[in-house]
Amino acid sequence: MARLGGYRLGWLIRPERMLAAASPFPRLVMRAGAVVAANDAYAALAGRLGASGIPALEQLLRAGGGDAEVVRRLQDMLPSGTGTARTSAVHEDVRVAAGGETLTLRISAMTHPARRRCTIWDVLPLPADGREVDDLRRQRDELAAFIDNAPVGLYSVAPDGRFLFANRTFAAWTGRRPEDLVGENVMLADVLQHAQAREGQAMTPDWEGGEAKLRPLAQSAAGEAGAGFRLVGVSQTMVPAPNGQPARYSAVVHDLGLELRQRGTLRPVEAEFRRFFDQAPIGILVLDAAGTIRDANAAFAALCGREDWLGERLAALVREEDALALTRHLIALRRGKTFDRPLEIHLAGPRNRVVEVFAASAAERDDGQSPQLVYLVDTTEQRNLQTQFHQSQKMQAVGQLAGGIAHDFNNLLTAMIGFCDLLLQRHQPGDQSFADVMQIKQNASRAANLVRQLLAFSRQQTLVPKVLDVTDVLADLRNLIGRLIGETITLKMTHGRDLGLVRVDQGQLEQVIINLAVNARDAMSEGGELRIRTSNWQTDTAMPSGTEIIPPGEYVLIEVADNGHGIAPENIGKIFDPFFTTKAVGAGTGLGLSTVYGIIKQTGGFIQVESEEGSGACFRIFLPRHRPSAAELAAARDDARHVSQDLTGQGLVLLVEDEDAVRSFAARALRNKGYTVIEAASGEQALALPAEQLDRVELLISDVVMPNLDGPSLAAELRRRRAALKVLFISGYAEDSLRNNLAKSPHVNFLPKPFSLSQLAGKVKDVMGT
């Protein structure tokens, strides 16, 4: 059957009803034993024989007392399929009683030319007198007039393509009369050509039908030029001869021009809608009742990362754990249920896209198979942003907690460690109290390290960055790492050639490497290999890294890999969380990797982890490559040459600390090393000192967080009197203002609390010597 704009012509012409109505004689059309169409003449005959409604032919014959078995006999004689050699129509006469008289009915059966399951039954009352003959002639004339002037074209051609019959409608479309086509050697190819004809492709009589172009002959009978091409739909069937060979080809021709004109305003709308459908930024699908994809746009193909989605069930394209929830959600929506929020699912595949599902059912159909429109909105980036936001909130909460306890707690630890150092100056290793004092100091140092890890994760510690060669740092750490991992683990270091420089806090970078090495050691309880490798790495485009994006640029890459038990997939996303650990109770604090994460992020770098359970893990650290100036290189060389062994010194030091114990320990320690120390318990007290004393001060040592006047404000006030004043801040918690001052001024130094006597004395000597 021909197609028009993607639609079958059957819905336009309703062929069964048309076939029934086309005959002036009683006609019945049946499909699989059921009545599908009948004309008025058949209904009148049924009433005449005493049958009710539109009965099947068997019932009609039984109502008139006739032989109903004729129906079965004729049905058995009909061709069973295409290509058979049997005749296309069979008939038999039956006598019936109608209102006291006997009628002879000629029952003719013919298989529908296009629908083999349909049978056309004609019931022709045979004439018994002159009146019946006149009626028959009149009906025949009416049938001829109907066929000649039908709203569709009808033609019949011989196997060689010559016209055997054409009604007036068809002939008029060609610009001629029927007699101009029949018997004039006019061929089918002269007036019909394929709608999508290729070069040299001619219309043949045995074509299957479809869309075609009707080409008018050059001149009409009246001598007028023919009109232009007419787009038509052709339904054609072969009428076989007794030997099974084609006797002729008969066809019904429909003018598609009217339909096209009626649809003319709709086609641009459909084309526009299709364009919107294909170019929509969200995935749009059409599902059938079984959840199978019947159509989808390009955005959906991009989301799922595959092109073979047609005919697949949508549930098969999502993660296994989401498939059942999706199926239930779509069924509930199809049944009219509403939800307050869309369903969120993960699509299967390497892209790991997260989408929200919106769905609606199309107009209801009689067969209950309404298609369902499904919209998939990609929320992957939104989900990543939410994850980052939640992570930052957690870090902020931990940072507030760490900052809140760090100041006071580190003051206590500074006093404990400091006075232990003063005691150790009087108690030598052989003394009875030496071991007790050392135990106090070691446990205080452990507590200080715990606070330092909290500050590192929350990125609240103060970094003192300098230009470093990562190769030198790793070389210095090699022996320490070797002792940490033990003899059962092999350490293999591979240094990249022409490795770029980085600008980081050396102590914090060392802490990162040590933490990763210890973590690898714990994953290789039965021994293994720890590999540390460095290289230059560059990307010209932004590269995703978990929930973050590594911007384009040059980086120094540090890889720390092991062949231990690896990390379980469900733990990969939690390993950087504070206090998360898979070790036994008491075997770890859960702050090792969180400290690494915090230091790397505060340094401006990125960290990735790859792991397969049972095959080890690999941590990759990306540090921005730093191209130093000549001054920075000179300062780095000076730092490398400067190693302070003698901690004694001279000079006037102003020590401002609101914690009495810390101030007392620091003053005693510096005096013991040869410095003159002026003590002040607050910033106001320091400014109240005599001007001649303040003018002679060479070094200001101040706490950062103090009541009323804090350390940075005090330093700014004193520097207005003496611009060259050197400053050393001491604090257990560095605020943003201090970090900014450290970054901007070369005369501002920092010593984190808690510190020991030697650390304080060494830092003061370094600052005084610069």
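Higher on the page you've got the structure.
Just so it is clear, the model here is predicted, and its values are computed rather than measured. The numbering scheme is per chain: residues are counted from 1 as the chain's sequence reads. Totals for whole chains, interfaces and linings use all residues, but because this is a predicted model, local features are given only for residues with pLDDT of at least 70 and pairs of side-chain atoms are given and counted only at 80 or more. Side-chain figures throughout are based on the complete set of non-hydrogen atoms in the structure, without hydrogens or water.

A. Spotlight on the overall build of the chain. Under the DSSP-based scheme used, a helix requires at least four consecutive residues in state H or I and a strand at least two consecutive residues in state E, with every element numbered from the N terminus. When helices and strands are counted, the chain shows 25 helices and 32 strands. With 770 residues in all, the chain has 43% of them scored as buried. By definition, residues are in contact when any of their heavy atoms lie within 4.5 Å. Considering only contacts within the chain whose residues lie at least 6 apart along the sequence, 57% involve residues at least 24 apart. Only protein chains enter the accessibility calculation, which uses a 1.4 Å probe; a residue whose area is less than 20% of its type maximum is buried, one above 50% is exposed, and one in between is partly exposed.

B. Representation of the environment of Ser-756. Tracing the backbone shows Ser-756 in the loop between β32 (748–752) and α25 (757–769). Along the backbone, Ser-756 and Ala-669 are 87 residues apart, and their C-alpha atoms lie at a distance of 9.6 Å. Setting aside chain neighbours within four positions, we find Ser-756 in contact with Ile-417, Asp-421 and Phe-665. In protein, a polar contact means a hydrogen-donor-capable atom and an acceptor-capable atom, both N or O and within 3.5 Å, with residues adjacent in sequence counting only if both atoms are side-chain atoms; elsewhere, any N or O pair within 3.5 Å suffices. At 3.2 Å, the side chain of Ser-756 and the side chain of Ser-758 are in polar contact.

C. Structural detail: a nonpolar patch on the surface. Surface patches are defined over residues having more than 30% relative accessible area and no salt bridge, joining like charges when they lie within 9 Å and nonpolar side chains (Val, Leu, Ile, Met, Phe, Trp, Tyr) when within 5 Å. Reported accessibility uses the Shrake-Rupley method at a 1.4 Å probe radius. Residues are deemed covered only where the shown protein chains occlude them. A pair is scored as a salt bridge if a Lys or Arg side-chain nitrogen falls within 4 Å of a carboxyl oxygen belonging to Asp or Glu. Residues Ile-405, Phe-409, Leu-412, Met-416 and Ile-440 make up a contiguous nonpolar surface patch of about 420 Å² in total accessible area. Ranked by residues supplied to the nonpolar patch, first place goes to helix α14 (residues 380–424) with four residues. Structurally, Ile-440 is set in helix α15 (residues 434–457).

D. Broad picture of the sheet that holds strand β7 (residues 118–125). Think of it this way: DSSP has to see at least two bridges between two strands before they count as a pair. Strand order in the open sheet formed by five strands is β4-β3-β7-β6-β5, and the pairing between neighbours is antiparallel. This sheet does not close on itself; its edge strands, each paired only once, are β4 (34–38) and β5 (89–98). Direction aside, neighbouring strands of the sheet carry axes that sit 25° apart on average. Relative to β4, strand β3 (residues 27–31) runs antiparallel, the two being bridged by four bridges. Within the sheet, the bridge partner assigned to Leu-28 lies in β4 and is Ala-38. Contacts between helix α5 (residues 69–77) and the sheet are confined to β5, β6 (101–111) and β7, with β5 contributing the most and set at about 175° to the helix. Angles run from 0 to 180 degrees between N-to-C directions of axes, and those axes are lines fitted to C-alpha atoms, restricted for helices to the stretch in contact.

E. View of the sheet that holds strand β25 (residues 553–562). Taking strand neighbours across the sheet as the criterion, the five strands line up as β20-β22-β25-β27-β26 in an open arrangement whose pairing is mixed. Only two strands of the sheet have a single neighbouring strand rather than two, namely β20 (489–494) and β26 (606–611). For this sheet, the mean inter-axis angle between neighbouring strands, taken without regard to orientation, is 20°. On top of the sheet, helix α18 (residues 592–603) reaches β26 and β27 (617–624); it is set at about 140° to β26, its chief contact.

F. Focus on the pattern of salt bridges. By the definition in use, this model includes 30 salt bridges. One salt bridge in this structure joins Glu-321 and Arg-319, with 3.9 Å as the shortest N-O distance. You can call Glu-321 exposed: its relative accessible area is 56%. Between Glu-559 and Arg-533 there is a salt bridge, and its shortest N-O distance comes to 3.0 Å. Of this pair, Glu-559 sits in strand β25 while Arg-533 sits in strand β22 (residues 528–539), placing them 26 residues apart in sequence. You can call Arg-533 partly exposed: its relative accessible area is 44%. Connected via shared salt-bridge partners are Arg-533, Glu-559, Glu-610 and Arg-620.

G. View of the environment of Val-35. Relative to the helices and strands, Val-35 resides in strand β4. Placed 22 residues apart in sequence, Val-35 and Leu-57 show a C-alpha to C-alpha distance of 9.0 Å. When near neighbours in sequence (up to four residues on either side) are disregarded, Val-35 contacts Leu-28, Val-29, Met-30, Ile-54, Pro-55 and Ala-56.

H. Representation of the pairing of strand β8 (residues 153–157). Counting buried positions along β8 yields five of five residues, so the element is predominantly enclosed. Burial along β8 is two-sided: Gly-153, Tyr-155 and Val-157 and Leu-154 and Ser-156, pointing in opposite directions, are all buried. For β8 and strand β13 (residues 246–255), the ladder comprises five bridges, and the chain directions are antiparallel. Considered in β13, the bridge of Ser-156 is made with Ser-250. By the bridge criterion, three bridges tie β8 to strand β9 (residues 163–166) in an arrangement that is antiparallel. Note that in β9 the partner of Val-157 across the bridge is Phe-163. Following β8, the chain reverses through five residues before pairing antiparallel with β9; Gly-161 in that reversal takes a positive phi of roughly 100°.

I. Representation of the nonpolar core within the structure. Think of a nonpolar core as a cluster: buried Ala, Val, Leu, Ile, Met, Phe, Trp, Tyr and Cys residues, connected wherever their side-chain atoms sit within 4.5 Å. Among the nonpolar cores identified, the biggest contains 39 residues, and Ile-481, Leu-530, Ile-532, Ile-558 and Phe-619 are the most heavily contacted of them. Mapped by element, the contributors of at least two residues to this core are α16 (470–485), β20, β21 (502–504), α17 (506–523), β22, β25, α18 and β27. Among the elements that line this core, the one with the most residues is α17, at seven residues. With 26 residues, the next largest nonpolar core counts Leu-49, Leu-57, Ala-68 and Val-123 among its residues.

J. Quick peek at helix α13 (residues 320–334). Helix span is expected to be 1.5 Å times the residue number reduced by one. For α13, with 15 residues, the first-to-last C-alpha span of 22 Å sits near the 21 Å given by 1.5 Å per residue. Buried within α13 we find Asp-322, Ala-323, Leu-326, His-329, Leu-330, Ala-332 and Leu-333. Positive backbone phi, approximately 100°, marks Gly-336, located one or two places after α13.

K. Summary view of the side chain of Thr-539. Structurally, the position occupied by Thr-539 is in strand β22. Those residues in contact with Thr-539, other than ones at most four positions away along the chain, are Pro-551, Pro-552, Gly-553 and Tyr-555.

L. Region of interest: the side chain of Asn-411. With respect to the helices and strands, Asn-411 occurs in helix α14. Given a relative accessible area of 1%, Asn-411 falls into the buried group. One polar contact links Asn-411 to Lys-753, side chain to side chain, over a distance of 2.4 Å.

M. Focus on the pairing of strand β30 (residues 699–703). Burial analysis of β30 places five of its five residues in the buried class, the great majority of the element. Judged by which residues are buried, β30 turns out to be covered on both faces: Leu-699, Ile-701 and Asp-703 on one side and Leu-700 and Ser-702 on the other are all buried. Bridge count between strand β28 (residues 652–656) and β30: four bridges; the pairing is parallel. Counterpart to Val-656 in the pairing with β30 is Ser-702. Alignment of β30 against strand β31 (residues 726–731), held across five bridges, turns out to be parallel. Its bridge partner being in β31, Asp-703 is matched across the sheet by Ile-730. Since β30 and β31 lie parallel, the crossover through helix α23 (residues 711–721) that links them has a hand, and here it is right-handed. Handedness of a crossover is defined as follows: orient the strands so they point away from the viewer, and if the path from the first strand over the helix to the second runs clockwise, the crossover is right-handed.

N. Summary view of the packing of helix α20 (residues 660–672) against α25. Contact geometry for α20 and α25: axes closest at 10 Å, N-to-C directions at 60°. Regarding the angle of α20 to α25, the classification is oblique. Relative to α25, α20 is oriented so that their crossing is right-handed. Residues Phe-665, Ala-666, Ala-669 and Leu-670 of α20 lie in contact with α25, whose contacting residues are Leu-757, Leu-760 and Val-764. Split into classes, the residues belonging to the contact of α20 with α25 amount to seven nonpolar, no polar and no charged. Orientation is classified from the angle alone, with under 35 degrees giving roughly parallel, over 145 giving roughly antiparallel, 65 to 115 giving roughly perpendicular, and any other angle giving oblique. The sense of a crossing depends on the near helix, which, turned anticlockwise from the far helix by less than a right angle, makes the crossing left-handed and, turned clockwise, makes it right-handed. Polar here means any residue other than Ala, Val, Leu, Ile, Met, Phe, Trp, Tyr, Cys and Pro, which are nonpolar, and Asp, Glu, Lys and Arg, which are charged; Gly is therefore polar.

O. How the structure looks around the packing of α17 against α18. Interaxial distance between α17 and α18 falls to 9 Å at its minimum, and their mutual angle equals 150°. Classified by the angle their axes make, α17 and α18 are roughly antiparallel. Regarding α17 and α18, the two cross each other, and that crossing is left-handed. On α18, the residues touching Gln-508, Gln-511, Val-512, Asn-515, Leu-516 and Asn-519 of α17 are Gly-592, Leu-593, Thr-595, Val-596, Ile-599 and Ile-600. Split into classes, the residues belonging to the contact of α17 with α18 amount to six nonpolar, six polar and no charged.

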